[in-house]
Amino acid sequence: LGLIGAFMIYYNKQLTTIEKELNADENRINKLEDVIHQQGEIIAHFTNNTVTNEDIMKSVHKLNSTLYQQANAVNQRMDDQASNISSRLSNTENRMNSIIAKAQKQIHEEVISVKSKVDAYVAVTQDQFSTENHFMLYQVAGTFVLVGCLVSFWHMSSHLRDFHEPFVQRKILAILWMCPIYSVTSWLG
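Just so we're clear, the structure is a prediction, and the values are computed from it rather than from any experiment.

Caption draft 1: Spatial organisation of the overall build of the protein chain. Along the backbone of the protein chain there are three helices and zero strands. Listing every helix and strand of the protein chain by position from the N terminus yields α-α-α. For 189 residues, the compact-globule estimate of 2.2 N^0.38 gives 16 Å, and the protein chain exceeds it by more than 25% at 52 Å. For the protein chain, the spread of C-alpha atoms along the principal axes amounts to about 165 × 30 × 15 Å. Taking all 189 residues of the protein chain together, 13% fall into the buried category. Put simply, of all contacts in the protein chain between residues at least 6 apart along the chain, 75% involve residues at least 24 apart.

In C-alpha cells, the structure reads:
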C-alpha cells in the first residue's frame, strides 16, 4: 500500500507540473490576444496614409495565424502529455497488480506456516498440561492414601494397646486393614 501511495504522489506531482505548464501556455495565449487587440486599436487610430488597410489586415491575419499555430502546438503537447500519462499509469497499474498478487501469495504462505507452527505448539502444550495434570492427580491421591493409612494404623495401634476384648477387636482390626489395602491398591492401579 505504501508503494501505491508513492506512485500516486509521483503522478500527482507530474499532473501538477503539466497543469502549471498548461496555465502558463494559456496565459501566453491570453497575452497574445491582448497584444492583437491593442495593435488593432493602434491601427484604428492611424490616420497616416502610408499605412493602408490591406497592410493592417495582413498584420492582423499574420498575428491570428501565429496565435492559432501556438494554440495548436499547445493542444498537441497537451494531447501528447495525456497519452504519455495514460500509458505510464497503465504500466504502473499492471506492475502494482503483479506486486500485490505476489505479496498476497507470500502472506498466504506465511499464514499457513504460522498456523501449522501454532497448531504444533498447542499440541505440545496440551500434552505437557495433560502430563502435569496426571502427576498432580497422583500426588493428591497419594496424599489421601497416606492420610487414610495413618488414621487406620493409629486406630489399629490403639486397639492393640488396649486389647481387652479379643473376639470383637480381631474383627475390628480386620475391618481397619481394609482401608490401607484398598487405598494402596487403588493408588497403584
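Caption draft 2: Focus on the pattern of salt bridges. In this structure the tally under the stated criterion is two salt bridges. A salt bridge links Arg28 to Asp25, with the shortest nitrogen-to-oxygen separation between them at 2.8 Å. Linking Arg28 with Asp25, this pair stays in helix H1 (residues 2–45), spanning three residues, or about one helical turn. Taking the relative accessible area as the measure of exposure, Asp25 reaches 3% and is therefore buried. Linked by salt bridges that have partners in common, Asp25, Arg28 and Arg77 make up one network.

Caption draft 3: Seen up close, the nonpolar core. Core analysis: the largest hydrophobic core is formed by five residues, namely Ile29, Ile36, Leu67, Ala71 and Val74. Listing elements by their share of this core, those giving two or more residues are H1 and helix H2 (53–161). A total of three residues in this core trace back to one element, the largest contributor, which is H2.

Caption draft 4: Fine view of the environment of Val147. Mapped onto the fold, Val147 is located in helix H2. Residues Val147 and Asp34 lie 113 residues apart in sequence; the distance between their C-alpha atoms is 115 Å.

Caption draft 5: Seen up close, the packing of aromatic side chains. Within the structure shown, the criterion is met by two aromatic pairs. With centroids separated by 5.1 Å and ring planes inclined at 75 degrees, the aromatic side chains of Tyr10 and Tyr11 adopt a geometry described as edge-to-face. Relative accessible area serves as the criterion here: at 14%, Tyr11 is assigned to the buried category. Here the aromatic rings of Phe153 and Trp177 are separated by 5.8 Å at their centres, their planes lie at 75 degrees, and the arrangement is edge-to-face. Within this pair, whereas Phe153 is found in helix H2, its partner Trp177 is found in helix H3 (residues 166–188), the two being separated by 24 residues in sequence. Using a relative accessible area of 39% as the deciding quantity, one classes Phe153 as partly exposed. Judged by its relative accessible area of 43%, Trp177 falls in the partly exposed class.

Conventions and cut-offs
Residues numbered from 1 in each chain as written. Predicted model: local features only at pLDDT ≥ 70, side-chain atom pairs only at ≥ 80, totals over all residues. Heavy atoms only, no water. Helix = DSSP H or I, 4+ residues; strand = E, 2+ residues; numbered from the N terminus. Rg over C-alpha atoms; globule rule 2.2 N^0.38 Å. Buried < 20%, exposed > 50% of the residue type's maximum accessible area, 1.4 Å probe, protein only. Contact = heavy atoms within 4.5 Å. Salt bridge = Lys/Arg side-chain N within 4 Å of Asp/Glu carboxyl O. Core = buried A, V, L, I, M, F, W, Y, C linked by side-chain atoms within 4.5 Å. Phe/Tyr/Trp six-rings, centres within 6.5 Å; stacked < 30°, edge-to-face > 60°.

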